[in-house]
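# Residue-level structural notes
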Amino acid sequence: MTDTVRIIEMGPRDGLQNEKTPVSVADRIKFVEALVGAGLSTIEVGAFVSPRAIPQMVGSDEVLRGVSHLRGEFHVLVPNEKGYDAARAAGAKVVSVFASASEGFSRANINCTIAESIERFRPVLLRAKADGVRVRGYVSCVLGCPYDGEVKPRAVADVAKRLWELGCYEISLGDTIGVGTPAKARAMLRTVAADVPARALAMHFHDTYGQALANLYAGMEEGIRVIDSAAGGLGGCPYAPGATGNVATEDVVYMLEGMGIKTGVDMDRLLEATDTMSKLIGRPPLSRVASALNAKKRAASKE
Ligand code: HMG
Ligand code: MG
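Residues numbered from 1 in each chain as written. Chains lettered and ligands numbered in written order. Predicted model: local features only at pLDDT ≥ 70, side-chain atom pairs only at ≥ 80, totals over all residues. Heavy atoms only, no water.

## Looking at empty space enclosed by the protein
Here the structure, examined in full by the defined rule, presents one cavity of 30 Å³ or more. Approximately 70 Å³ is the volume attributed to the largest cavity. Ala-231, Gly-232, Gly-233, Leu-234, Thr-274, Met-277, Ser-278, Ile-281, Arg-283, Pro-284, Pro-285 and Leu-286 together form the lining of the largest cavity. For the lining of the largest cavity, the class distribution of residues is seven nonpolar, four polar and one charged. (1 Å grid on protein atoms, 1.4 Å probe; cavity = no way out; pocket = protein on both sides within 12 Å on 5 of 7 lines; lining within 4 Å. Points joined across faces, edges and corners; volume = space filled by probe spheres on them. Nonpolar A, V, L, I, M, F, W, Y, C, P; charged D, E, K, R; others polar.)

Structural data, given as structure tokens:
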């Protein structure tokens, strides 16, 4: 079992990209500040994608500039060179390209085949290398696709390998619709780890069926050390109908600390960050740990 884990906080990007009412740039910046204050040091803060596809991420340039004075590593999504140009102009030092293991989701999400997406990413990777920018790669639908159904581990490994060979420093494997179970997750991760070193893999699990923590544990047993999560279990994708948010950062932190793995996250401050965002979007957090700890606090304040 691994003894160190890196958490990549997804709240300001994946967390907010599917909210009915877009959250303002100022509130997104405050959210990032609060997350940094809680001890999260790597945060995905926006996406340079089509404003027609994801209006919620408009203003990601202002968000990136607005957090540049903070201590931390701030990531943004870029689907193509146009996104890369905009991200660079806003000062991005780490960008993420995103592919899919299934053709149906690739078409719905980024309007191209998997092979075409790799060709779109190639110039981004080349330019990033010349610019000294690090590139993370995502593979979506690694345990199932809302359009194509079952996804074979081999298909995931093929896309992950291509992103790795293009030069991505880390490949984040997304259970976009949160349908995976531990044995399936383990089998998929083993297949991918035969082509991409386990140290360069990350787990990005949505929690639709409540399996994300169990799947993460299985992945940790396979030696995967990087976890994507979102404060309060925020998240979703307009092209992944029915899927709920990312595994909650609170739940991940609680599990890891319970295993003796230090996260550097201050749970009280994380709960405050989640609470503020939760009030803004008008929904309680999906995190079991946040609900339990908030209830405990309320009970204590009545005593
Ligand atoms: P397209 O329509 O094929 O692109 O969309 P195009 O090149 O033909 O351009 C069409 C229009 O979009 C043009 O504008 C372009 O300028 C503009 P028009 O002339 O019509 O006014 N455009 C852009 N604008 C801003 N930034 C850009 C950009 N590129 C083109 N970078 C495209 C292709 C990829 C752009 C589009 O489908 C898109 O933006 N998709 C975004 C999808 C997205 O953000 N999804 C959510 C994130 S992925 C996710 O959540 C999964 C993940 O969390 C992991 C997991 O859970 O599995 C990462
Ligand atoms: Mg996601």
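After that view, the rundown keeps rolling.
## Observations concerning the coordination of the magnesium ion (ligand 2)
Around the magnesium ion (ligand 2), the protein contributes the donor atoms Asp-14 (OD), His-204 (NE2) and His-206 (NE2), at 2.0 to 2.3 Å from the metal centre. Taken in sequence order, the residues that donate to the magnesium ion (ligand 2) follow the motif D-x189-H-x1-H. Of this pair, Asp-14 sits in the loop between β1 (6–9) and α1 (25–37) while His-204 sits in strand β7 (residues 201–205); the two residues are 190 residues apart in sequence, bridging distant segments of the chain. Residue classification places His-204 among the buried residues on the basis of a relative accessible area of 5%. (Donors = N, O, S within 2.8 Å, 3.2 Å for Na, K, Ca; no water. Helix = DSSP H or I, 4+ residues; strand = E, 2+ residues; numbered from the N terminus. Buried < 20%, exposed > 50% of the residue type's maximum accessible area, 1.4 Å probe, protein only.)

## Quick word on unusual backbone geometry
Of note, Asn-111 is a non-glycine position whose phi angle comes to about 60°, a positive value. Residue placement: Asn-111 occurs in the loop between α4 (103–110) and α5 (114–131). Given a relative accessible area of 55%, Asn-111 falls into the exposed group. Of note, the phi angle at Cys-141 is positive, near 60°, even though the residue is not glycine. By the secondary structure assignment, Cys-141 is in the loop between β5 (134–140) and α6 (153–166).

Structural measurements only, silent on function.
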